Every structure is written in C-alpha cells, then in structure tokens.
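One-letter residues, chain by chain:
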Number of protein chains: 2
Amino acid sequence: MNILICGLGLIGASLAKTLKKNTNHTVLGWNRTKSVTEKALRDGVIDRTGEVDDLMREADITFINFYPDAIVPFILEHKDSFKRDSIVSDSCGIKTKICREMEKHKLNFYFIGAHPMAGREVSGYDNSLDNLYDNASFICTPFEDTPRNKTDALVGLAQQMGFARTVVTNPEHHDEMIAFTSQIAHVLACSYVLSPLAPMHAGYSAGSYRDVSRVARINAEMWTQLFLDNKEALVREIDDLVSNLMKFKYNIVNGDTDALKALMEEGNRIKEEIG
Amino acid sequence: MNILICGLGLIGASLAKTLKKNTNHTVLGWNRTKSVTEKALRDGVIDRTGEVDDLMREADITFINFYPDAIVPFILEHKDSFKRDSIVSDSCGIKTKICREMEKHKLNFYFIGAHPMAGREVSGYDNSLDNLYDNASFICTPFEDTPRNKTDALVGLAQQMGFARTVVTNPEHHDEMIAFTSQIAHVLACSYVLSPLAPMHAGYSAGSYRDVSRVARINAEMWTQLFLDNKEALVREIDDLVSNLMKFKYNIVNGDTDALKALMEEGNRIKEEIG
C-alpha cells in the first residue's frame, strides 16, 4: 500500500519511521514547512514526496498529523483529492469534535479517526522515534456505518506497525477515557509545579516529584485546543479529582486516622488491581 | 566505624547494603522480627547481630528505620544503651515532630534527624537494593546546638555511601519541602486513581497515566502517620493544588483560550527551568 503521512512532527514522523521499520508499505510524506519534508526524504524516513494533492490521489491510507483544530479544515480543503474509497485518518488526542464534524460531509473516501497513544515532552521531527509506539495502544473510532473491512484495514496496519494493542471504540468513549488517562494527568502536573515551593525542590525531591511533574512540560498551544475540545469530560475529571483531594484534606485536618488510612488503602487497592 | 541499622525493611536494609557496597565500616544489624535479621546475616547484608542494647553500646552511628510514630519511643526506651557521644539518626520522611520531641530530652549521645530521599512502591527486606540511594539526596536536620563535627560525621558517611547530594537544613524547612516534593505527590496519585474511570484505563493509557499514578501504590499505615505528622504544610499544598486546578477548570468552562494557554505556558516554563 501507499501510506501518506501529512505533517512530519513528533507524531507523524514517528509514524513514518515505524512504517519504514516494521512494514513494506511505501511511505509518502508531506509537511507544510518544506525543509522538514526534505530532511525526512534525505533521512529515508519517507520514500517519496510531491504536491500534496498528487500524493493524496495515490494514497491508500492517509494520516493527518496536525494540531486538533487544523485537521477538519485541511481534509475538507482537499476532499476532492483523496483517492476514491481510500482511508483518511488522523492522530489527534480528541475524537468527538473531529469525527462528528467529518460525519456531516458526503465524501468519496472513508474517514476513520485514530489516536496512536504515545507522546514525549519534546516535539518536532528531530525528536521523532521509530519505537515511540512499541508499547502503545492504537485507538480508532469509526462511524456507526463505516464498512467493517475499512476499519479492519486500519487496525491491521496498526498491528503490522507493532502497536502493542488496538482498540476500536466510539469517539465519545475515547474522549471520556482520555480525559482521565491523559488530559487530567497533564492538568495536575501543571497545577503541581505551579506551587510556590516548586522552584526550591532541588535536594528535596526524588522519584515522586520527577514522575508526577514530568508532563508539566507541555505544548501549551496544542493542549489548549485539546482541552477546549473535550470540555465536558475534562471538567468532570477535574471535579472528581478535587473532590478526592478535599477528602484527604478533610481527614488530615480532622486527624481522622482511620478514614485517612481507608482512603489510601482504597487508592492502593485500585492501583494494585488495575496496574 | 561500627554502624548499627535498626529495622531491616526496605529503607534500613538498603542502607545496610549500600554501606557494605561502598564503605569499609562494620555493619551491625537488628530487626524486631528475628527471621529477617538472620536472613540479612546469611546474605552478608550485615556483619553482625546480637541483643539490641549490646549493639547500641558498640555503635558509632545508629540509624533507626521504623514507622514515624515508633522512632522516638524506641530511642527513649533504649536511651541509656547508646554509646556515649555517638550519633543516633533515623530515616523517616518527617522531621519536625521527631526532632523537636527528641530535643526535650537530656541525652549522652547526639540525635540528628535524617531522611535518605528514596523509596519504592514495594516494601520490606526482600525489596531492598544496594543502589536505591545512587541518585538520591541525603537530608539531615541537626539541632541549632548540635556540634559541627557530629553533623559533619553523618554527612561524611552519607557521601561515602554514594548519595548524590547531601543537604543540611532545619526540620521545619525539611517538612515544608517534603510536603510539596513527596507528600502531595502521593495524595494526588491516590486521588487520581480514585476516579470512577480508573478501572477502565487499559487500552486508553500511556506514559502520563503510568507516571502520575505510580505512587498510588502506597503503604497506607506509614503514610497516614507521615501526613498527620505534617498536617499544616501538607494542607497548604493541597490548598495550592486545588486552587490551581480550579484555575484550569474556570478557564476551560469559560472557553478562555488565552488564559488557559498562559496557565500552561507558565507551568511549562517552570518545569523547564527547575527540572
């Protein structure tokens, strides 16, 4: 197959490198900033490039790897260029807004939202890796009427690429889960380092600080879009988290040893069970 | 020197293993459960054992590695056994309550509170490591009138043992910093996994979930004591964290793109600067 990667940043270039490493498909590549495309070509990360509409006409599967709010406009702008009956997918961290917007349009290709679940605290082509997805989950969110063989083709490609796990679900469930597994984790890492004591941590910190604060290194522009595109689910998670923190505070202030211990035993039990 | 390790759990046995690996001091060991002491002796983790009061009479430096609330009573119970002018220290995660209580007593040895800043999600002798402290900080909190050469002896031992960094401060500053670097990190990890969505995370989670939830595996008994012994500083950190989370919520609910982005840029800037 011809696989087209539009957007050769951290996520897109890592997809390209993974395709080159683990499959025999031809990797077509395109990036808005031309110097990046040329670098990817020189590095052998992509097999070919060209005018984006020409590449779309050749591609059996296309991945659009842009910031959330740029994906739908770009696809619609080029909607007459994609190969008939081909699969067009994306890699962004929210799915409902994108998929339900795409669903409104009559198209002669199949859009299936996707989310390869891996990232780094750094971004851009130069930080992309051929093993970023080795232990990662590939989630895709077809429409209710997406033909089964199209979803299977996308999932099959993810399996060939070496994703550790593939999940097929609907966009709403994806976004609800991601609000918990990813978005709130970033919100709390940021909230954590905003403590007035954070700048003095050296000498007093160890693994807990390191791990909990890691994802405070955040691409503010991109995550602002992701958060605002998943408002309802994320606010629910913030509310749950704050309510649990207030339980800790209440028990600590009251010196309620038994209740405080029970709360931690519950947290410990859940973490042991769910990994 | 003869170094006595009382309590051969994760922390104590790791201290013993580190002493054996990186120094030539004689390591005396004692554990309330005798089978553990015998195992440590067989494993060569300690050089000798015996009646605890006899060992204390021989030890130049003693580390008491018990749960927070057991440390002061144990030291006072054996206060006449410790070698005259020797150093008695501990390894527990809060210092004010312990040090200010010890300060009230006239003793013929020198108590200097200590906190080797490393841990694991698992506990007990069998999980102890000879490299647990390789990248760790050794914090000690002498009294205002502790002789300088005694503090230097303890710090010197920590340096011989290979701690990456030694810090001398007062108990109150230690506890304030630890409320931020360690305690609130455990509170938020626990609060995080108490979300109703946590049990469904498989397939939807990656590094953010893994890192932020790691320390939810917590020894509830021990941390209950640590939290209640550091109430004021910990509650201040919970309040700061909740207030920052509410700023996120407010900006998300209002769709305030600029304020939300500014908040994350601030978090990102701090994290980049402070590491």
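Residues numbered from 1 in each chain as written. Chains lettered and ligands numbered in written order. Predicted model: local features only at pLDDT ≥ 70, side-chain atom pairs only at ≥ 80, totals over all residues. Heavy atoms only, no water.

J.: How should I be thinking about the relation of the copies chain A and chain B in this particular structure?
T.: The operation relating the two chain copies consists of a rotation about an axis and a shift along that axis. Least-squares fitting of chain A to chain B yields an RMSD of 0.0 Å, with the transformation described by 0.0 Å of translation along the axis and a rotation of 180 degrees. Those values place the two copies in the arrangement expected of a two-fold rotation axis. (Least-squares fit on C-alpha atoms with pLDDT ≥ 70 in both.)

J.: I keep staring at the pattern of salt bridges and nothing clicks. Help me out?
T.: Two side chains with opposite charge may pair up if their charged atoms get near one another. Summed over the entire model, instances satisfying the criterion amount to 52 salt bridges over all chains. Put simply, Asp126(A) and Lys39(A) hold a salt bridge, and the shortest N to O gap is 2.8 Å. Here Asp126(A) is found in the loop between strand S6 (113-116) and strand S7 (137-141), whereas its partner Lys39(A) is found in helix H2 (residues 34-42), with 87 residues between them in sequence. By relative accessible area, Asp126(A) is classed as exposed at 59%. We classify Lys39(A) as partly exposed; its relative accessible area is 31%. Linking Lys21(B) and Asp130(B) is a salt bridge whose minimum nitrogen-to-oxygen distance equals 3.6 Å. Taken together, the residues span a long stretch of sequence, with Lys21(B) in helix H1 (residues 10-22) and Asp130(B) in the loop between strand S6 (113-116) and strand S7 (137-141) at a distance of 109 residues. Linked by salt bridges that have partners in common, Arg100(A), Glu103(A), Glu144(A) and Glu172(A) make up one network. (Salt bridge = Lys/Arg side-chain N within 4 Å of Asp/Glu carboxyl O. Helix = DSSP H or I, 4+ residues; strand = E, 2+ residues; numbered from the N terminus. Buried < 20%, exposed > 50% of the residue type's maximum accessible area, 1.4 Å probe, protein only.)

J.: I keep staring at the sheet that holds S7(A) and nothing clicks. Help me out?
T.: Backbone hydrogen bonds hold the strands of a sheet together, and the pairing may be parallel or antiparallel. Residues and elements named next belong to chain A. Strand order in the open sheet made by the 3 strands is S6-S7-S8, with mixed pairing throughout. Each having just a single partner strand, S6 and strand S8 (165-168) make up the two edges of the open sheet. On average, adjacent strands in this sheet sit at an angle of 15 degrees to one another, irrespective of strand direction. Here S7 runs beside S8; their pairing, made up of 4 bridges, is parallel. Bridging across to S8, Ile139 finds its partner in Val167. (Pairing = 2+ DSSP bridges. Axes fitted to C-alpha atoms, helices over the stretch in contact; angles between N-to-C directions.)

J.: Whenever I open this one, the packing of aromatic side chains confuses me. Can you help?
T.: The geometry of two aromatic rings is summed up by the distance between their centres and the angle between their planes. Using the criterion set out here, one finds 20 aromatic pairs over all chains in the structure. On the numbers, 4.8 Å between centres and 55 degrees between planes, the contact of Phe82(A) with Phe109(A) is tilted. With Phe82(A) in the loop between helix H4 (68-77) and strand S4 (87-90) and Phe109(A) in the loop between helix H5 (96-102) and strand S5 (110-111), the pair connects residues that are 27 residues apart, well separated along the chain. There is no split in this pair, since Phe82(A) and Phe109(A) are both buried. Ring plane angle 40 degrees and centroid distance 6.4 Å describe the contact between Phe111(B) and Phe143(B), whose orientation is recorded as tilted. Within this pair, whereas Phe111(B) is found in strand S5 (residues 110-111), its partner Phe143(B) is found in the loop between S7 and helix H6 (148-161), the two being separated by 32 residues in sequence. Considered together, Phe111(B) and Phe143(B) belong to a single accessibility category, that of buried residues. Through successive ring pairs, a cluster of aromatic residues spans Trp30(A), Phe66(A) and Phe74(A). Across the ring face of Tyr125(A), the terminal group of Lys17(A) is positioned such that the distance to the ring centre comes to 5.6 Å. (Phe/Tyr/Trp six-rings, centres within 6.5 Å; stacked < 30°, edge-to-face > 60°. Lys NZ or Arg CZ within 6 Å of the ring centre and 35° of its normal.)

J.: Looking at this model, I keep getting lost on helix H9 (residues 220-228) of chain B. Mind explaining?
T.: The periodicity of an α-helix, 3.6 residues per turn, causes residues three or four places apart in sequence to face the same way. The buried count for H9(B) comes to 7 of 9 residues, which makes it a mostly enclosed element. All buried positions along H9(B) are accounted for by Ala220(B), Trp223(B), Thr224(B), Gln225(B), Leu226(B), Phe227(B) and Leu228(B).

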